[in-house]
Amino acid sequence: MEFSDEQVTRYSRHILLPEVGGKGQKKIAKSRILIVGAGGLGSPAAFYLAAAGVGTIGLIDSDAVDLSNLQRQVIHQTTDLGRPKVLSAKEKINALNPDVEVVTYEDRFTSKNALELVAKYDVVIDGVDNFPAKFLINDACFFADKPLVHGGILRFDGRVTTIVPRKSACYRCVFKHPPPPGLVASCQEAGVIGVLAGIIGTIQATEALKLVLGIGRPLTDRMLDFDARRTAFREIRTRKNPHCPLCGEHPTITELFDHEPETCAVNVTSGAS
Amino acid sequence: MHVKINGKSEEVQGATILDLLKAKNIDPHMVAVELNSAMLERDRLATTPVKEGDQVEFLFYMGGGR
Ligand SMILES: [Zn+2]
């Protein structure tokens, strides 16, 4: 695979980096990244990965663009209201960089399709808004042996961590199961400062690119928490938990399953969004 | 006794990790607890003593993303 003159110019600021170079840019061009959820975290991640020249971006989301999304889901615009999010996102990605092949799945991410889907990609980005889906993504990446960049945002707080299955702590090593229903607010009922999606989503994109390039130190065995009120990051060390129900010494989870959907006061839609 | 809770040094009273949670009005089901960089099982919160210099992390669930 050779880059055209136009592509060499487009990616010149990458190619100039000794850690990337032409070789690294080719790795990016051959990479396949799945973004689960074309919303708050998915929007900035998709934009930057598209600009970076990722070969294939997979997008799964079953939702349509809603007016309340536009405060933070920057890949969608006012004229997209009511349109499927995956189509709206695909158009913006292709307008930014026609080199990128965008594969869209207008569907929910469930235990039925998760494994097959994840298996087709090199890296997975968690951009979903509910615990059942976050745990399912973690489990699917474990069974398919794919690195995962987890992200979460709520109110003024955000969190990112990278999971390399079997090598580093997984989501269940820390949080074994979803919280009891109704105890922990999710973003749709609690609110979120919009820019947090950009901060956390772009860190997720950074991690995905590092994994593709094989450079730097991944955010594994570390949780990076961000507090927007104080503009402060804090790193919490984690490690593989021998009691983890998924990747521990005596696993109790041996196949994919769907946790009970969250009961939510405001909006009961769940799944990949 | 001094312990570090979520990165901040605090003077605490209480015999167990569960006591620390109670003092902060945190429902144990809302957090994952890490003690000196290892996860602490929820059923051990009430039986695990707090020691001078312990590093405790109360990790709250963060579910949003959309
Ligand atoms: Zn685990």
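(A) Main features of the packing of helix α4 (residues 42-52) of chain A against helix α10 (residues 195-213) of chain A. Residues and elements named next belong to chain A. Two numbers describe how α4 lies on α10: the axes approach to 7 Å, and their chain directions differ by 40°. In terms of orientation, α4 lies oblique with respect to α10. Taken as a pair, α4 and α10 cross one another with a handedness that is right-handed. Residues Pro44, Ala45, Tyr48, Leu49 and Ala52 of α4 form the contact with α10, whose participating residues are Ala197, Gly198, Gly201, Thr202, Ala205, Ala208 and Leu209. Among the residues forming the contact of α4 with α10, the class breakdown is 9 nonpolar, 3 polar and no charged.

(B) Highlighting the pairing of strand β2 (residues 56-60) of chain A. Residue and element names in this part refer to chain A. Of all 5 residues making up β2, 5 are buried, and the element is well covered by its neighbours. Going residue by residue along β2, you find Thr56, Gly58 and Ile60 tucked away on one face and Ile57 and Leu59 tucked away on the opposite face as well. As judged from the 5 bridges shared by strand β1 (residues 32-36) and β2, these two strands associate in the parallel manner. When the sheet's bridge partners are listed, Ile35 is paired in β2 with Leu59. In the classification by handedness, the crossover that spans β1, the intervening α4 and the parallel β2 is right-handed. By the bridge criterion, 5 bridges tie β2 to strand β3 (residues 101-105) in an arrangement that is parallel. Across the sheet, the residue bridging to Gly58 is Val103, located in β3. The β-α-β motif built from β2, the intervening helix α5 (residues 85-96) and the parallel element β3 has right-handed crossover chirality.

(C) Structural view of the sheet that holds strand β4 (residues 123-126) of chain A. Residues and elements named next belong to chain A. Taken in spatial order, the 8 strands make up an open sheet running β3-β2-β1-β4-β5-β6-β7-β8, and their pairing is mixed. Of all strands in the sheet, those with a lone pairing partner are β3 and β8 (232-237), marking the two edges. Taking each pair of neighbouring strands and ignoring which way they run, the sheet shows an average axis angle of 15°.

(D) Focus on a nonpolar patch on the surface. All names here are of chain A. A surface patch of nonpolar side chains, amounting to about 250 Å² of accessible area, comprises Phe156, Ile193 and Val195. Among the secondary structure elements, Ile193 is positioned in the loop between α9 (187-190) and α10. In this structure Ile193 comes out as partly exposed when scored by relative accessible area, which is 35%.

(E) Layout of the packing of aromatic side chains. The tally for this structure, following the rule as stated, stands at 7 aromatic pairs over all chains. Residues Tyr171 of chain A and Phe175 of chain A carry aromatic rings whose centres are separated by 5.5 Å and whose planes lie at 50° to one another, so their mutual orientation is tilted. Comparing Tyr171 of chain A with Phe175 of chain A, the two get one shared label, buried. A network of ring pairs unites the aromatic residues Phe131, Phe135, Tyr171 and Phe175 of chain A together with Tyr61 of chain B as a single cluster. Seen from the ring of Tyr121 of chain A, Arg32 of chain A lies directly overhead, with NZ or CZ sitting 4.9 Å from the centre. One Lys or Arg, Arg166 of chain A, reaches over the ring of Phe142 of chain A and ends 4.0 Å from the middle of that ring.

Reading the values: the criteria
Residues numbered from 1 in each chain as written. Chains lettered and ligands numbered in written order. Predicted model: local features only at pLDDT ≥ 70, side-chain atom pairs only at ≥ 80, totals over all residues. Heavy atoms only, no water. Axes fitted to C-alpha atoms, helices over the stretch in contact; angles between N-to-C directions. Helix = DSSP H or I, 4+ residues; strand = E, 2+ residues; numbered from the N terminus. Parallel < 35°, antiparallel > 145°, perpendicular 65-115°, else oblique. Left-handed = near helix turned anticlockwise from the far one by under 90°. Contact = heavy atoms within 4.5 Å. Nonpolar A, V, L, I, M, F, W, Y, C, P; charged D, E, K, R; others polar. Buried < 20%, exposed > 50% of the residue type's maximum accessible area, 1.4 Å probe, protein only. Pairing = 2+ DSSP bridges. Right-handed = clockwise from strand over helix to strand, strands pointing away. Patch = residues over 30% accessible without salt bridge, like charges linked within 9 Å, V, L, I, M, F, W, Y side chains within 5 Å. Areas by Shrake-Rupley, 256 points an atom, 1.4 Å probe, with all protein chains shown as cover. Salt bridge = Lys/Arg side-chain N within 4 Å of Asp/Glu carboxyl O. Phe/Tyr/Trp six-rings, centres within 6.5 Å; stacked < 30°, edge-to-face > 60°. Lys NZ or Arg CZ within 6 Å of the ring centre and 35° of its normal.

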